[in-house]
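Each chain, written out:
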Amino acid sequence: MSTIHPDQAEALGLVGNRRHDGPDHDTIDGSMTIDPATRPPLVLGDRDFKSVTDTICGWIEDKTPSWWIPAFAVSNLLAITGTLMIVYLIITGVGVWGLNNPVSWGWAIVNFVWWVGIGHAGTLISAILCLFKQDWRTSINRFAEAMTIFAVVCAGMFPGIHVGRVWMAWMLFPIPNYNWIWPNFRSPLLWDVFAVGTYFTVSLLFWYMGMVPDIATLRDRATKRRNEKVRFGPMWAPHPLPDFVKKATTITLPANMIASYVYGVLAMGWRFSSRHWWNYEKAYLLLAGLATPLVLSVHSVVSFDFAVSILPGWHTTIFPPYFVAGAVFSGFAMVLTLLIPARMLYPGLKDFVTAKTIENMCKIITVTGSIVGFAYIMEFFIAWYGGNPYEQDAFVRRAFGPYWWAYFAMFFCNVVSPQVFWFKWCRTYIPFIFAITIVVNIGMWFERFVIVSTLSADFLPSSWAYYSPTLVDILTFVGSLGVFMTLFLLFLRFLPMLAISEVKNVLPQANPHHPMYDTDNATHHGEGH
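What counts, and at which threshold
Residues numbered from 1 in each chain as written. Predicted model: local features only at pLDDT ≥ 70, side-chain atom pairs only at ≥ 80, totals over all residues. Heavy atoms only, no water. Helix = DSSP H or I, 4+ residues; strand = E, 2+ residues; numbered from the N terminus. Buried < 20%, exposed > 50% of the residue type's maximum accessible area, 1.4 Å probe, protein only. Contact = heavy atoms within 4.5 Å. Areas by Shrake-Rupley, 256 points an atom, 1.4 Å probe, with all protein chains shown as cover. Axes fitted to C-alpha atoms, helices over the stretch in contact; angles between N-to-C directions. Left-handed = near helix turned anticlockwise from the far one by under 90°. Nonpolar A, V, L, I, M, F, W, Y, C, P; charged D, E, K, R; others polar. Phe/Tyr/Trp six-rings, centres within 6.5 Å; stacked < 30°, edge-to-face > 60°. Core = buried A, V, L, I, M, F, W, Y, C linked by side-chain atoms within 4.5 Å. Expected span 1.5 Å × (residues − 1). Disulfide = S-S within 2.5 Å. Bend = angle between axes of the 7 residues up to and from the residue. Salt bridge = Lys/Arg side-chain N within 4 Å of Asp/Glu carboxyl O. Patch = residues over 30% accessible without salt bridge, like charges linked within 9 Å, V, L, I, M, F, W, Y side chains within 5 Å.

Novice: Where do I start with the overall build of the chain in this structure?
Specialist: Scanning the chain from N- to C-terminus turns up 19 helices and two strands. Within the span of the chain, comprising 529 residues, buried residues form 50% of the whole. Considering only intrachain contacts with a sequence separation of at least 6, the fraction spanning at least 24 residues in the chain is 79%. Accessible surface, the chain as shown: approximately 26,000 Å² in total, 69% of it carbon and sulfur.

Laid out in structure tokens, this is it:
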């Protein structure tokens, strides 16, 4: 039996097939293979355990990248803008939104459903792909889990502000009060509180628990350098600065000592013992099992916001599976939207996030996009087959009424654009993939807008009205994007974006039959020397 791990043999074979005059269009970066019987390598660059640790920790320990501070400043500015819009809303009232008599829900509920959908990919990648032993997920699961947490944070602020009287939002929770007024447990809004709250709690535990070993690694590395101080400054200027200005704008901090304490608290006493690893693996598997039903339940409950009503176009049983497929669809697209720029900006990340990993994600986007397209068509079929004239009119107006532009934008972005991934060139050309993922994110937002716009034409034609957002609506949504990017940039800067231990588990050296563990060969070579 050969002692060479299949990943190692395949990597050597693919690298050997590369052309010397440029990249090989068949193997791309060495992770692609034409023969489906061969297993492509999951980590490139001929890395060992130490290299993996040094690279992933180096992204945190090295000097702040030049692009990070401007990006963080812009994200903060957008977040502050959204916060000011929410304050203005609370002071003035929901009249600052573009709501009218039939359209009592507007951009707030659209943004809520959109953000919850984006957060679905984290649970799918971390939980379901973990249970199915898909090793290619190891380079993207931490990204997706972080994205889930931050997306749910952005989603959670919209139900609180769209109820009107924000100071009464606490009544959504089943808290006893002096008036013995309890929430209406038959309200889908209350179901959202339980569903999204459960999803956030489990996802946060899953994300944090998976990072504990990596945080302990950062703790130990910071402890070794705790006496080394870090200097910030001096202030930059296009001309030489006087010495007193340089001294005044230079700060020296014991950053490594602070990091050792902070990471030490977050590591919760992790010591890399066998008992710790045994408990970790068991708990991780249990949380994966708990999180898997949430992939189906959370967005099904969110879809009940619409499906339990009696409004034509909403009262349909196809909404739960339709929403779940759309959530996975938009979630994977957002992961790629964030992952592709990070892959370009962080040195060495391309060795972990390979072209094969991105291609697998493109295939999932194609499948879920096809499911969403099937749901769009089935909605029209159900309206025709049911024979309900109000239902039929709702879908005709949805496609050819005043919001026709939103419907066709949704259909093109969500159904037509992902079909290009049937072609290998489209699945392997990174700039093109990035463009398609942005188109998908836009299309999934339009999907939620099209559903909400159905309110503009209810049972009474005399009350029909056209809905359009105000500047406050738009800036509040932009502010939620700023909050999301602020949290995500902080994650990239101070926490490991890849699971170090899981990446090491897919290296060829992790195989106990790897040549480095062959003691007989090592003894033989030692005697020869």
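Novice: Where do I start with the packing of helix α12 (residues 355-386) against helix α13 (residues 389-400) in this structure?
Specialist: Working note: a packed helix pair is described by the angle between its axes plus the distance between those axes. Viewed as axis vectors pointing N to C, α12 and α13 meet at an angle of 145°, and their least axial separation amounts to 8 Å. As for the relative orientation of α12 and α13, their crossing is left-handed in sense. Across the interface between the two elements, Glu379, Phe380, Ala383 and Trp384 of α12 pack against Glu391, Gln392, Phe395, Arg398 and Ala399 of α13. Residues belonging to the contact of α12 with α13 are distributed by class as follows: five nonpolar, one polar and three charged.

Novice: In this structure, what is going on with the packing of aromatic side chains? I would like to understand it.
Specialist: Centre distance and the angle of the planes are the two values used to describe a pair of aromatic rings. Applying the stated criterion across every chain yields a total of 53 aromatic pairs. Residues phenylalanine 206 and tyrosine 284 carry aromatic rings whose centres are separated by 4.6 Å and whose planes lie at 45° to one another, so their mutual orientation is tilted. Residue phenylalanine 206 is found in helix α7 (residues 188-224), and its partner tyrosine 284 is found in helix α10 (residues 274-307); the two are separated by 78 residues along the sequence. Under the relative-accessibility criterion, phenylalanine 206 is labelled buried at 3%.

Novice: Please explain the nonpolar core as it appears in this structure.
Specialist: Soluble globular proteins tend to pack their nonpolar side chains together in the buried interior. Formed by 134 residues in total, the largest nonpolar core has its most connected members in Phe112, Trp115, Phe306, Phe491 and Met497. For this core, the element with the most residues is helix α11 (residues 319-345), which contributes 15 residues. If we ignore the near neighbours within four places in the chain, the residues touching phenylalanine 491 are Arg142, Ala146, Phe150, Trp207, Pro496 and Met497.

Novice: Explain unusual backbone geometry here, please?
Specialist: As a rule of thumb, non-glycine residues mostly have phi less than zero, and peptide bonds are mostly trans rather than cis. With a phi close to 60°, lysine 133 is a non-glycine residue in the positive phi region. Secondary-structure assignment places lysine 133 in the loop between α5 (120-131) and α6 (141-162). For methionine 268, which is not glycine, the phi torsion reads 55° and is therefore positive. Structurally, methionine 268 is set in the loop between α9 (255-267) and α10.

Novice: What is the right way to look at α5 in this model?
Specialist: Because each turn of an α-helix spans 3.6 residues, side chains separated by three or four positions in sequence point in the same direction. Here α5 contains 12 residues, and its C-alpha end-to-end distance of 16 Å stays within 8% of the 16 Å for a straight helix at 1.5 Å per residue. A large share of α5 lies buried, amounting to 11 of its 12 residues. What α5 keeps buried is the set His120, Ala121, Gly122, Thr123, Leu124, Ile125, Ser126, Ala127, Ile128, Leu129 and Cys130. The elements touched by buried residues of α5 are α4 (107-118), α6, α7, α10 and α11. Lysine 133, located one to two residues past α5, shows a positive phi value of around 60°.

Novice: How should the state of the cysteines be read in this particular structure?
Specialist: Here a disulfide denotes one covalent bond, and it connects the sulfur atoms of two cysteines. Per the counting criterion, the structure on display carries zero disulfides. In this structure cysteine 426 is a free cysteine whose sulfur lies 9.2 Å from that of cysteine 362, the closest cysteine sulfur available.

Novice: What am I meant to see in the side chain of asparagine 141 here?
Specialist: Counting through the fold element by element, asparagine 141 comes out in helix α6. Beyond its immediate stretch of four places on either side in the chain, asparagine 141 contacts Ile125, Ser126, Tyr284, Ala499 and Glu502.

Novice: What exactly am I supposed to notice about the environment of alanine 216 here?
Specialist: Within the secondary structure, alanine 216 is located in helix α7. Classification of alanine 216 by relative accessible area gives buried; the value is 0%. For alanine 216 and leucine 266, which are 50 residues apart along the polypeptide, the C-alpha to C-alpha distance reads 8.0 Å. For alanine 216, the residues in contact, after removing those within four places along its chain, are Ala267, Trp270 and Phe272.

Novice: Hey, could you run me through α7 in this one?
Specialist: With 37 residues, α7 extends 53 Å from end C-alpha to end C-alpha; this agrees with the ideal 54 Å at 1.5 Å per step. At valine 212, α7 shows its largest kink, close to 45°, and the proline proline 213 lies no more than four residues downstream.

Novice: Could you clarify how one ought to interpret the pattern of salt bridges in this entry?
Specialist: Proximity of charged atoms lets side chains of opposite charge pair with each other. The full count for this structure, using the stated rule, is 11 salt bridges. Among the salt bridges present, the one from aspartate 214 reaches arginine 142, with a minimum N-O distance of 2.9 Å. With aspartate 214 in helix α7 and arginine 142 in helix α6, the pair connects residues that are 72 residues apart, well separated along the chain. Relative accessible area serves as the criterion here: at 3%, arginine 142 is assigned to the buried category. The residue arginine 448 makes a salt bridge to glutamate 447 at a minimum N-O spacing of 3.6 Å. No difference in accessibility class separates arginine 448 from glutamate 447, as the two residues are buried. Residues joined in a network through salt bridges with shared partners are Lys50, Asp54, Glu61 and Arg221.

Novice: Please explain a nonpolar patch on the surface as it appears in this structure.
Specialist: Side chains of Val396, Phe400, Trp404, Trp405, Phe408 and Tyr466 sit close together on the surface and give an oily, nonpolar patch of about 680 Å² of accessible area. Mapped by element, the contributors of at least two residues to the nonpolar patch are α13 and α14 (404-416). Ranked by the residues each element gives to the nonpolar patch, the list is headed by α14, at three residues. By the secondary structure assignment, valine 396 is in helix α13.

Novice: Just checking my understanding: could you explain the environment of valine 396 for this structure?
Specialist: For valine 396, a relative accessible area of 44% puts it in the partly exposed group. In this structure, the C-alpha to C-alpha distance between valine 396 and phenylalanine 380, residues 16 residues apart in sequence, is 8.5 Å.

Novice: Got a minute to help me understand the side chain of serine 480 in this structure?
Specialist: Secondary-structure assignment places serine 480 in helix α17 (residues 471-494). Apart from the residues within four sequence positions on either side, serine 480 is in contact with Trp115, Cys154, Met157 and Phe158.

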